[in-house]
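Read off the chains here:
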Amino acid sequence: KAVVSTQSTGGLRCDGRRPQEMRKLKCELGVSEGADGSAIVEQGYTKVLVSVFGPHECANRTARNHERAIISCSYNFASFGAAVRKKKMTADKKTTEVGVMIQNTFEAAVMLEKFPKSQIDIYVQVLQGDGGERCVAINATTLALINAGIPLKDYVCACAATVFQDSVLLDINNLEESYRGPLFMLAVMPQTESIVQLQLDHRLHNDHLDKVVRETIQGERERESVCVCNLCV
Amino acid sequence: MATRLSINEIRYIIDGVEQDFRTDGRAAEDYRHVELESRVLPNTNGSARCKLGKTEVLVGIKAEVVDVDVHAPHIGKLVITADCSAVASPKFVGKGSEALENDLTNILSFIYHSTETLPLKELCILPGKSCWQLNVDVLFVQCGGNLFDVASIALKAALHNTTLPKVRVSGEGIEMEMEVADDPYHVWKLDVSNWPICITLYQIGCSFAVDPSEEEVACSEGYVHVGVLPSGDVSSMEKSGAGNIDPTVLLEMVEVGVRVGEDIHNQLDKQLEAEKSLAKL
């Protein structure tokens, strides 16, 4: 099996980062004039645009909830986003699954009780994918919801990690993802340190689990402080 | 996106266009401020982002080596796909955008399918066997009217900075082999000096205008797409939308379309050249 060596001499990763170093983060709010809230987040080369519409009246009267708002989420990956071009598929299983994942994440974070019988739409468009698209999507959604003025219980920060040769690598890029090591995605609300979403692909040894969770949360706290600084600007 | 206007507002807008003084102060032939950014997507061979008014479009071009078309064995292929992202409007979720996407794809493909204007011969690698296929993906991130023009401007800019790897052809006859260069700096660029752009003219009242705002589109009946080459020639034309257009008005529309098109080509070429001097590639 061809394993890409992600660590050259000096303990650096293939893009020159240290194991716990995150990629360069760039965020911009209010990019889409038509939407109630929007944000573009770039982590390294991964770029995701999220638009939020709402709260507004439920499009589907049977789906509306009398006590809280419902969230509808749609996740799309642009055809030119990946290294190999993907033809657009409307009901791709994987994209639907990510959409549902983001919806569940924010049902825990948004104060839905404040808007009974309404609907909040979250639309995610991945413009460029270089690893960790789901995480960038969650980060961008948090910012878009803030831009829309929708009350949140806390920020939701997400980060992807893997374990390579006993050390935890945070904020992995596409090359590191394709290495087929354990792919650990964690979304937390940093103030309370409560985990909102957790996904693990492939195998991860039990001994490493605690370390991975702790270091990922640490990375997300850094991410949260960067986001807050950005919002103040 | 459906704008509701009162009868008086509609009258006001139509009168404005007919008197060559629109609501925002522009003349019928004036375009709004165009914002253009090149090479925004590193994953692609060429890309551009264009923003005009409330419309924003991202064009990404990816090239791949494919088998030639049996009916056209000496030219390459250009496949244009339009995609309206859900981030632009809740109406575009799932299948909601299909009708608009088909419309956009068809019109853009139509404007760009003329083999005389496009240097598709350059894209042929092994005549009769392999050629480059340029997959052009047009992603609408915001839809605020005048979608075709913005897409075509972004398309031209994206094609201008598209780099294709050099291919080394060796052997003769049936044993011809090709080797695509791995070196990211061993590339060549297409000649886009003869690519058309689309100018859409909307009939509003008894007169017509280019680059309408959403409110003006709501007052219009029928529109004409004119594909204009840098030389001032018309490469293609199509009338869309519901509404009748008077033949004399149509001729005027085409004249204006050509004038505006040439102007845009000049300005675009100047900016693209200036940009080329900044970058090394």
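For clarity, every value in this text was computed on a predicted model and none was experimentally measured.

### Side note on the overall build of chain A
Across its full length, chain A carries four helices and nine strands. What you see in chain A, going N to C, is helices and strands ordered as β-β-β-β-α-β-α-β-β-α-β-β-α. Since a compact globule built from 233 residues should have a radius of gyration of about 17 Å, the 18 Å found for chain A is in line with a globular shape. Its C-alpha atoms put chain A at 55 × 40 × 35 Å along the principal axes. A total of 233 residues make up chain A; the buried ones form 53% of that total. Taking the contacts inside chain A whose residues are at least 6 apart along the sequence as the reference set, 69% of them involve residues at least 24 apart. As displayed, chain A has an accessible area near 10,900 Å², and 49% of this comes from carbon and sulfur atoms. One way to put it: in chain A the 27 positive side-chain charges average out to a point 5 Å from where the 28 negative ones average out.

### Examining the interface of chain A and chain B
Contact residues are listed per partner, giving 27 residues for chain A and 30 residues for chain B. Summed over both sides, the interface of chain A with chain B buries roughly 2,100 Å², with 57% coming from carbon and sulfur. Linking chain A to chain B there are one salt bridge. Note that Lys 51 of chain B and Glu 33 of chain A form a salt bridge whose closest N and O atoms lie 3.5 Å from each other.

### Things to note about unusual backbone geometry
All names here are of chain A. Each neighbour pair has its own omega, and for Gly 54 with Pro 55 the value is 0°, a cis peptide bond. Here Pro 55 shows up in strand β3 (residues 46-57). Here the phi dihedral of Asp 171 falls at roughly 55°; this positive angle occurs in a residue that is not glycine. With respect to the helices and strands, the residue Asp 171 is situated in the loop between β7 (167-170) and α3 (174-177).

### Digging into helix α1 (residues 93-109) of chain A
An ideal rise of 1.5 Å per residue puts 24 Å on 17 residues; α1 of chain A measures up with 25 Å between its terminal C-alpha atoms. For α1 of chain A, the elements touching its buried residues are β4 (70-77), β5 (118-128), α2 (133-147), β8 (183-189) and β9 (194-201) of chain A.

### Details of the packing of helix α3 (residues 147-160) of chain B against helix α5 (residues 247-278) of chain B
All names here are of chain B. For the pair α3 and α5, interaxial distance at closest approach is 11 Å and the crossing angle is 35°. Our pair here, α3 against α5, has a crossing hand that is right-handed. Residue-level inspection shows Ile 153, Lys 156, Ala 157 and His 160 of α3 in contact with α5, the latter providing Ile 264, His 265, Leu 268, Asp 269, Leu 272, Glu 273 and Lys 276.

### Observations regarding the environment of Ile 153 of chain B
Residue and element names in this part refer to chain B. Here Ile 153 is to be found in helix α3. The exposure class of Ile 153 is buried, given its relative accessible area of 4%. C-alpha separation for the pair Ile 153 and Leu 118, spaced 35 residues apart in sequence, amounts to 16 Å. Apart from residues lying up to four places away in sequence, Ile 153 is in contact with Leu 36, Cys 50, Ile 264 and Leu 268.

### Thoughts on the packing of aromatic side chains
All names here are of chain A. Under the criterion given, the structure shown has three aromatic pairs over all chains. Look at Phe 53 and Tyr 123: their rings are 5.7 Å apart centre to centre, the planes differ by 55°, and that puts the pair in the tilted class. Here Tyr 123 lies in strand β5 and Phe 53 lies in strand β3, a separation of 70 residues in the sequence. A single burial state applies to Phe 53 and to Tyr 123, both of which are buried.

### Quick notes on the nonpolar core
Leu 78, Val 138, Phe 140 and Ile 199 of chain B are the most contacted members of the largest nonpolar core, which has 68 residues in total. For this core, the leading source of residues is α3 of chain B, giving 10 residues. When residues no more than four places from it in sequence are discounted, the contact partners of Ile 199 of chain B are Tyr 31, Asp 149, Val 210, Val 224, His 225, Val 226, Val 228, Gly 257, Val 260, Gly 261 and Ile 264 of chain B. Val 48, Val 98, Ile 122 and Ala 140 of chain A belong to the second-largest nonpolar core, a separate cluster that totals 45 residues.

### Focus on a nonpolar patch on the surface
Taken together, the side chains of Val 65, Val 169, Met 178 and Val 180 of chain B define a hydrophobic patch exposed on the protein surface, amounting to about 250 Å² of accessible area. As for its position among the elements, Val 169 of chain B is in strand β8 (residues 167-170).

### Describing the sheet that holds strand β11 (residues 197-204) of chain B
All names here are of chain B. Sheet architecture is open: four strands sit in the order β12-β11-β13-β14, paired in antiparallel fashion. Each having just a single partner strand, β12 (207-210) and β14 (234-240) make up the two edges of the open sheet. In this sheet, neighbouring strand axes are inclined to one another by 25° on average, regardless of whether the strands run parallel or antiparallel. With six bridges connecting them, strand β13 (residues 223-228) and β14 associate as antiparallel partners. Looking at β14, one finds that His 225 is bridged to Glu 238. Where α3 meets the sheet, its contacts fall on β11 and β13, and the angle it forms with β11 comes to roughly 170°. Contacting β11, β12, β13 and β14, α5 runs over the sheet at an angle of about 140° to β11.

### Side note on the pairing of β13 of chain B
Residue and element names in this part refer to chain B. Counting buried positions along β13 yields six of six residues, so the element is predominantly enclosed. One ladder, built from six bridges, connects β11 with β13; its direction is antiparallel. By the bridge assignment for β13, Ile 199 is matched with Val 226.

### Describing the pattern of salt bridges
Considering all chains together, one arrives at 18 salt bridges over all chains under this definition. A salt bridge links Arg 32 of chain B to Asp 211 of chain B; the shortest N-O distance between them is 2.9 Å. You can see Arg 32 of chain B sitting in the loop between α1 (7-18) and β1 (34-38) and its partner Asp 211 of chain B sitting in the loop between β12 and α4 (214-218), a full 179 residues away along the chain. In terms of burial, Arg 32 of chain B and Asp 211 of chain B fall into one category: buried. Through salt bridges with shared partners, a single ionic network connects Arg 13, Asp 15, Arg 17 and Glu 176 of chain A.

### Let's talk about the environment of Ser 51 of chain A
With respect to the helices and strands, Ser 51 of chain A occurs in strand β3. Each C-alpha atom, one on Ser 51 of chain A and one on Ala 35 of chain A, is 6.0 Å from the other, the two residues being 16 residues apart in sequence. Those residues in contact with Ser 51 of chain A, other than ones at most four positions away along the chain, are Ser 32, Ala 35, Gly 37, Ser 38, Asp 121, Ile 122 and Tyr 123 of chain A together with Val 87 of chain B. Here the side chain of Ser 51 of chain A touches Val 87 of chain B through a polar contact of 3.0 Å, landing on its backbone oxygen.

Criteria and thresholds
Residues numbered from 1 in each chain as written. Chains lettered and ligands numbered in written order. Predicted model: local features only at pLDDT ≥ 70, side-chain atom pairs only at ≥ 80, totals over all residues. Heavy atoms only, no water. Helix = DSSP H or I, 4+ residues; strand = E, 2+ residues; numbered from the N terminus. Rg over C-alpha atoms; globule rule 2.2 N^0.38 Å. Buried < 20%, exposed > 50% of the residue type's maximum accessible area, 1.4 Å probe, protein only. Contact = heavy atoms within 4.5 Å. Areas by Shrake-Rupley, 256 points an atom, 1.4 Å probe, with all protein chains shown as cover. Lys, Arg positive; Asp, Glu negative; His and termini not counted. Charge placed at Lys NZ, Arg CZ, Asp CG, Glu CD. Buried area = accessible area lost by both parts, 1.4 Å probe. Salt bridge = Lys/Arg side-chain N within 4 Å of Asp/Glu carboxyl O. Expected span 1.5 Å × (residues − 1). Axes fitted to C-alpha atoms, helices over the stretch in contact; angles between N-to-C directions. Left-handed = near helix turned anticlockwise from the far one by under 90°. Phe/Tyr/Trp six-rings, centres within 6.5 Å; stacked < 30°, edge-to-face > 60°. Core = buried A, V, L, I, M, F, W, Y, C linked by side-chain atoms within 4.5 Å. Patch = residues over 30% accessible without salt bridge, like charges linked within 9 Å, V, L, I, M, F, W, Y side chains within 5 Å. Pairing = 2+ DSSP bridges. Polar contact = N/O pair within 3.5 Å; in protein donor to acceptor, adjacent residues only side chain to side chain.

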